[in-house]
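Reading the structure
For reference, the chains in residue letters:
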Amino acid sequence: MNKFRKFILLFLFVLYSISTFSQITVSNVKSKKGQDLIVEKPEPYDSLKTWEYFNNPIQYKRYIGQRVYLPKSSNDLKYEKSMDGYGTLKMGDNSERPFLFTLSPRTVKIDTENILSDEMLNINYAPSNISKGYHATLKLNSIFTNVYKPFLYYLKVNPYSGEYEFNINNNNNTGNKYYQIIDVIFGEKLENIMYSNSESSNMQNIGSVNFTSTPISGRKNKPEEKSKPLKLRRERISIAYVLKEEITGDTVVYCKQEKNRFILVSFFVKQKQIYEGNSLINKSSYKKIRGIELVPNSKWLCESVTVSASTGKLTYVLKNEKGDVLTLNDIEGFVLEEDVLKEEAEKKMLAQEREEKRKEEEQQRKENERLAAEKRKETCIKKFGPKLGLLIAQGKVQIGMTKEMCEVAWGKPILINKTTSEHGTSETWHFGFIKTLYFNNDILKRIDE
């Protein structure tokens, strides 16, 4: 009966244990806020560096807060007008592309302020080789676009084939102004602003041109409102700067894949402080620039650091003693004379320090050799006596010395030839091809040197 009760108790304990440990434990676990949030920060901007290019777009945010200057465009647009044999009329200059945009599109009326030629406002299309039924007047009305201060500089029209093409750019008055970088956009935010209505990766939809077409003759002499999309074909932009114009307060987006046309004001100021009025030494590998010979290590005075009116680029104006003038966009290869003198002084000081160290080491080596010779002399005299001990310490041997004495004096031989006869044992010790010692019964009998 007791055994049965024990069995029942053991069974209930095991059943309770299984029931307890097979359940899922739910606990209130508190986590510290922000512990798993990692925010990557860009490196701070260094005013000694101009625009840099990064693989990580976050790094472009170092430019936020920087003041930048946009030089006035140096491109002089040329107005040209032509018509081909198919009746296609071309007017303007098809050489520019926009680079400043607004955050959202807006409608801008076309007038003489934002068009290359007044002739482009009202076009009289009446080619002699095209049927009069297609002759018409075209009046440009407005531009709906996200291009900042749009300027219509080119058109191509052919009512006969129904071909209409318009190109716009930023107005020249966007230049010679200061802006501040207030944000850097990329990824989804950039896509939504610049490419939301674009059909392909290399085609950007930038709005439309609205115009009125009125037939010159025929029964349907009725104006017709038309709209032609504006498309910009170029490599897709991955980074854009959001800028605020200092005078008007306008917010614009700068999109330019190639070299940045803005000038960082802090970099420009730093370059003026460093170079202007100071002498430079030519350390470049160039032998000639624009016909001017560059002598190695020749001296040039940096007369000014400025922005070229013709190129809109940061320019260093250098002049040598002969009066030759160099205008460079990159100062690389020219080193400040004070830096050259400083480097030469440091090299000279380093050479002096090396020479002093060499002398100290040589003096120490000689002292160590002297102490070692004194100790060797003391040891040899103590072991072999004053006369033989002095010779052995000096590395000398003489007839009558034992093998031990000779080994201490000259060291171990390279080769030993040993001969045993009825007269005893003889050995020949070879020290290279010249020096040889001959022993008979462990006593030196002959020396060849």
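Please refer to the structure higher up on the page.
The sections below set out a description of the structure shown in this document. (Residues numbered from 1 in each chain as written. Predicted model: local features only at pLDDT ≥ 70, side-chain atom pairs only at ≥ 80, totals over all residues. Heavy atoms only, no water.)

Bringing the overall build of the protein chain into the picture now. Helix and strand counts for the protein chain come out as six helices and 25 strands. Every one of the 449 residues in the protein chain was classed for burial, and the buried ones make up 35%. For the protein chain, long-range pairs separated by at least 24 residues make up 58% of all intrachain contacts whose partners lie at least 6 apart in sequence. As displayed, the protein chain has an accessible area near 29300 Å², and 52% of this comes from carbon and sulfur atoms. (Helix = DSSP H or I, 4+ residues; strand = E, 2+ residues; numbered from the N terminus. Buried < 20%, exposed > 50% of the residue type's maximum accessible area, 1.4 Å probe, protein only. Contact = heavy atoms within 4.5 Å. Areas by Shrake-Rupley, 256 points an atom, 1.4 Å probe, with all protein chains shown as cover.)

On the secondary structure map, E245 appears in strand β12 (residues 239–245). The side chain of E245 is buried and forms no salt bridge, while K149, the nearest opposite charge, is found at 5.4 Å. Within polar-contact distance, the side chain of E245 engages the backbone nitrogen of I247 at 3.0 Å. Residue contacts for E245: discarding those within four places in its chain leaves K177, Y178, Y179 and D250. (Lys, Arg positive; Asp, Glu negative; His and termini not counted. Salt bridge = Lys/Arg side-chain N within 4 Å of Asp/Glu carboxyl O. Polar contact = N/O pair within 3.5 Å; in protein donor to acceptor, adjacent residues only side chain to side chain.)

This part takes up the packing of helix α4 (residues 337–384) against helix α5 (residues 386–393). Packing of α4 against α5 brings their axes to within 7 Å, and their N-to-C directions diverge by 145°. Considering the relative orientation of α4 and α5, their crossing is right-handed. Across the interface between the two elements, R376, K377, C380, I381 and F384 from α4 touch P386, L388, G389, L390, I392 and A393 from α5. (Axes fitted to C-alpha atoms, helices over the stretch in contact; angles between N-to-C directions. Left-handed = near helix turned anticlockwise from the far one by under 90°.)

It is worth spelling out helix α2 (residues 187–194) at this point. Buried residues of α2: L190, I193 and M194, and no others. Buried residues of α2, viewed axially, fall in a sector of 80°; they line one side. Where α2 is buried, its residues contact β4 (100–109), β6 (136–147), β9 (177–186), β10 (203–215), β12 and β13 (251–254). (Arc of directions from axis to C-beta.)

Attention now goes to the pairing of β6. Direction of pairing for β4 relative to β6: antiparallel, over a ladder of five bridges. Bridge pairing links K109 to S142 in β6. Across four bridges, strand β5 (residues 122–125) lies against β6 in antiparallel orientation. Considered in β6, the bridge of Y125 is made with A136. Here β6 pairs with β10 via nine bridges, running antiparallel. Across the sheet, the residue bridging to K139 is T212, located in β10. (Pairing = 2+ DSSP bridges.)

Turning next to the layout of surface pockets. Reported here for the largest pocket is a volume of approximately 940 Å³. Around the largest pocket, the lining is made up of 38 residues, and of these K259, N260, R261, G312 and K313 lie nearest the centre. Among the elements of the structure, β8 (163–170), β14 (263–264), α3 (265–275) and β19 (314–320) are those that each provide at least two residues to the lining of the largest pocket. Its residues assigned to classes, the lining of the largest pocket shows 13 nonpolar, 15 polar and ten charged. (1 Å grid on protein atoms, 1.4 Å probe; cavity = no way out; pocket = protein on both sides within 12 Å on 5 of 7 lines; lining within 4 Å. Points joined across faces, edges and corners; volume = space filled by probe spheres on them. Nonpolar A, V, L, I, M, F, W, Y, C, P; charged D, E, K, R; others polar.)

With the rule as written, the count across this model stands at 18 aromatic pairs. Relative to Y63, the ring of W51 has its centre 4.8 Å away and its plane inclined at 55°; by these criteria the two rings are tilted. With W51 in the loop between α1 (2–21) and β1 (67–70) and Y63 in the loop between α1 and β1, this residue pair connects regions lying twelve residues apart in the sequence. As far as burial versus exposure is concerned, W51 and Y63 are alike and both buried. Aromatic side chains W410 and F431 sit 5.2 Å apart centroid to centroid with 90° between the ring planes, which places their arrangement in the edge-to-face category. You can see W410 sitting in helix α6 (residues 403–410) and its partner F431 sitting in strand β23 (residues 424–431), a full 21 residues away along the chain. Each member of the pair, W410 together with F431, is buried. Joined through ring pairs, the aromatic side chains of Y45, W51, F54, Y60, Y63, F99, Y179, Y241, Y254 and F262 make up one cluster. Over the ring of F99 we find R261, and its NZ or CZ is 3.7 Å from the ring centre. (Phe/Tyr/Trp six-rings, centres within 6.5 Å; stacked < 30°, edge-to-face > 60°. Lys NZ or Arg CZ within 6 Å of the ring centre and 35° of its normal.)

Functional significance is not addressed by these values, which are geometric in nature.
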